[in-house]
Each structure stands twice: as C-alpha cells, then as structure tokens.
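# Architecture and fold: a report
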Amino acid sequence: MNAICPSHQQALIQNPKQALSACRKLIDEGTKCHHAAEYGESCHRFQAGVEICQMILSHSPNPAMVALRVIAGHNLSASYVALGDNLYAEKALYIVHNEICALCQDSSQQRCIRLEALSQLQTTLFSLTSQLGHMGKSEELHETITEAEAIAEHTAQQLFH
C-alpha cells in the first residue's frame, strides 16, 4: 500500500527532519480520527506514518524514527481491530515487530539505532503477543516470545560486552 505519492516520498527522503515532523503529525491526526471512530481514515493516516518511518529508516535512520515506527504500527493495528479486521491487525504487528528485530540484529546499524530498537522490542513483543493471545494463537505466541528473547539477549551481548 502506498499512502504517500512518489514526489512526496522523495521530498521526505531528502529532508529527514521534515519527515519526522510529518510522521508525528500523521500519528496525531490518526489518533484524533481513531478517537472520533473514523477508523478507516485513522488506518490511512497511520499507514502513511508507517511508510514515512520505513523510508527514513532505510535511507537515514535515527532513533526517533524507530520509536515512531513502533507507535504508528501499534496504532494502525488498533484501528484495524476497531474495524473488526484482526488478521490485518496481526499482520501490522508482525511487520513492525520483525522490523524492530531486524534493526536489533543489524550490526551495520549505528549503536544508537540498535539500542533504540532493543528498547522498543518489549513494546512490539507485548503488542504482538496480546493480539496473538486474543486470536487464540498460543503456539505462535510462544514461538514469538522465545525468538524475541534470543534476539534481545544476543543484541545486548553485542552492544554491552
């Protein structure tokens, strides 16, 4: 899904500070839409925020964008749940969780990016396992926890030893 047109994508890639501001604004607007029970519109806003985060994290990562990626993904999932679409909610949480796991494990990333990803791992794990539990997917829940614990331990050993 492309919620952001290509010309805006280029402008945001060239100006990460503007991208950060745009992402915060989209998350704020999405939250307002969600509270107003405009879930379709909130999904659109949060998806656009997710896309900005993904673009910036792939071009010029910074710790604030890691945190915003988690917030946007979590809120996107919550809006899908409000729409009654638990499968999309689960998918959104898996995507953000896997992206955070990948950042933790990517030794080519700056230490500050990996530290922020490691600090966000607990949030993504909690959100994802809550959704899996709600859907009765206990085996996937256990596998996800086991994998995240291993990633966290390995990343911490690399960063702190």
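An account of the accompanying structure is given in this report.

## As for the environment of Ser 21
Checked against the element boundaries, Ser 21 lands in helix 2 (residues 16-35). C-alpha of Ser 21 to C-alpha of Glu 139: the two residues are 118 residues apart in sequence and 39 Å apart in space.

## Re the pattern of salt bridges
For the coordinates displayed, the defined rule picks out six salt bridges. One salt bridge in this structure joins Lys 32 and Asp 28, with 3.2 Å as the shortest N-O distance. With Lys 32 and Asp 28 both in helix 2 and four residues apart, the pair spans about one turn of that helix. Among the salt bridges present, the one from Arg 69 reaches Glu 99, with a minimum N-O distance of 2.6 Å.

## Focus on the packing of helix 3 (residues 39-59) against helix 4 (residues 63-82)
Two numbers describe how helix 3 lies on helix 4: the axes approach to 8 Å, and their chain directions differ by 155°. With respect to their mutual orientation, helix 3 and helix 4 come out roughly antiparallel. Crossing of helix 3 over helix 4 shows left-handed handedness. For the pair helix 3 and helix 4, contact is made by Tyr 39, Ser 42, Cys 43, Phe 46, Gln 47, Gly 49, Val 50, Ile 52, Cys 53, Gln 54, Ile 56 and Leu 57 and by Met 65, Val 66, Leu 68, Arg 69, Ala 72, Gly 73, Asn 75, Leu 76, Ser 79, Tyr 80 and Ala 82, respectively.

## Notes on the state of the cysteines
What the rule picks out here adds up to zero disulfides. Left unpaired, Cys 53 is separated from the closest cysteine sulfur, that of Cys 23, by 3.3 Å. Judged by its relative accessible area of 0%, Cys 53 is buried. Considering cysteine sulfurs only, Cys 104 is the nearest to Cys 112, which forms no disulfide, with 13 Å between them.

## Details of unusual backbone geometry
We note that Ala 37 has phi near 65°; this positive angle belongs to a residue other than glycine. Looking at the element boundaries, Ala 37 is found in the loop between helix 2 and helix 3.

## Quick word on the side chain of Thr 129
Residue placement: Thr 129 occurs in helix 6 (residues 111-134). Only 3.2 Å separates the side chain of Thr 129 from the backbone oxygen of Phe 126, close enough to count as a polar contact. If we ignore the near neighbours within four places in the chain, the residues touching Thr 129 are Leu 141, Thr 144 and Ile 145.

Reading the values: the criteria
Residues numbered from 1 in each chain as written. Predicted model: local features only at pLDDT ≥ 70, side-chain atom pairs only at ≥ 80, totals over all residues. Heavy atoms only, no water. Helix = DSSP H or I, 4+ residues; strand = E, 2+ residues; numbered from the N terminus. Salt bridge = Lys/Arg side-chain N within 4 Å of Asp/Glu carboxyl O. Axes fitted to C-alpha atoms, helices over the stretch in contact; angles between N-to-C directions. Parallel < 35°, antiparallel > 145°, perpendicular 65-115°, else oblique. Left-handed = near helix turned anticlockwise from the far one by under 90°. Contact = heavy atoms within 4.5 Å. Disulfide = S-S within 2.5 Å. Buried < 20%, exposed > 50% of the residue type's maximum accessible area, 1.4 Å probe, protein only. Polar contact = N/O pair within 3.5 Å; in protein donor to acceptor, adjacent residues only side chain to side chain.

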